[in-house]
Amino acid sequence: MGNRGPGGYDPVQIFNSTSFNAFGKVEYASIFCSDDNYDVQRDETWRASSRGVCLVTRITATVKTPSGNIEAEPYTSSGTSFSQFAIIQVGVNRFQVTRVVSASRRK
């Protein structure tokens, strides 16, 4: 999957399932890994250009709504190799960054 290098993880992907544009940051566990800033349009997926062996510790998102910018509840981990995440709406002006467990659709 993805642009995985030898011994590396798939690059992070963040799907914005909301009706609004969003931006944020992907934070990695090691000081040897550079954090990624991202900007993703509604119903689009942002993909990191590379990742190497960096574990994800936090993903933040700020959703640009007509009511103003709203901070989503971030995804946090002690360090995960998972690569697929989504920004979802969980209430009126409430958003969350979550891990995508499965991208397959049921018939």
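Criteria and cut-off values
Residues numbered from 1 in each chain as written. Predicted model: local features only at pLDDT ≥ 70, side-chain atom pairs only at ≥ 80, totals over all residues. Heavy atoms only, no water. Pairing = 2+ DSSP bridges. Helix = DSSP H or I, 4+ residues; strand = E, 2+ residues; numbered from the N terminus. Disulfide = S-S within 2.5 Å. Axes fitted to C-alpha atoms, helices over the stretch in contact; angles between N-to-C directions. Salt bridge = Lys/Arg side-chain N within 4 Å of Asp/Glu carboxyl O. Buried < 20%, exposed > 50% of the residue type's maximum accessible area, 1.4 Å probe, protein only.

(A) The arrangement of the pairing of strand β6 (residues 62-65) in detail. Of the strand pairs in this sheet, strand β2 (residues 21-28) and β6 are connected by three bridges, and their pairing is antiparallel. Bridge pairing in β6 places Phe23 opposite Thr62. Pairing analysis gives four bridges linking β6 to strand β7 (residues 68-71), with the strands arranged antiparallel. Paired with Thr62 across the two strands is Glu71, which belongs to β7.

(B) Region of interest: the state of the cysteines. Using the criterion set out here, one finds one disulfide in the structure. Here Cys33 is linked by a disulfide to Cys54, with a sulfur-sulfur distance of 2.0 Å. In this structure, the disulfide formed by Cys33 and Cys54 twists by about -90 degrees around the S-S bond and is classed as left-handed. With Cys33 in the loop between β2 and β3 (36-40) and Cys54 in the loop between β4 (45-47) and β5 (56-59), this pair connects stretches of sequence that are 21 residues apart.

(C) Examining the sheet that holds strand β9 (residues 84-91) more closely. Taken together, the four strands give an open sheet; going across it, the order is β4-β1-β9-β10, and neighbouring strands pair in mixed fashion. For this open sheet the edge positions go to β4 and β10 (94-99), each flanked by a neighbour on one side alone. Between one strand axis and the next, the sheet turns by 25 degrees as a mean value, whatever way the strands run. Where β9 meets β10, six bridges bridge the pair, whose relative direction is antiparallel. When the sheet's bridge partners are listed, Ala86 is paired in β10 with Thr98.

(D) Quick peek at the pattern of salt bridges. The tally for this structure, following the rule as stated, stands at one salt bridge. The partner of Glu27 in a salt bridge is Arg58, with the nearest N and O atoms 4.0 Å apart. Of this pair, Glu27 sits in strand β2 while Arg58 sits in strand β5; the two residues are 31 residues apart in sequence, bridging distant segments of the chain. For Glu27, a relative accessible area of 23% puts it in the partly exposed group. For Arg58, a relative accessible area of 32% puts it in the partly exposed group.

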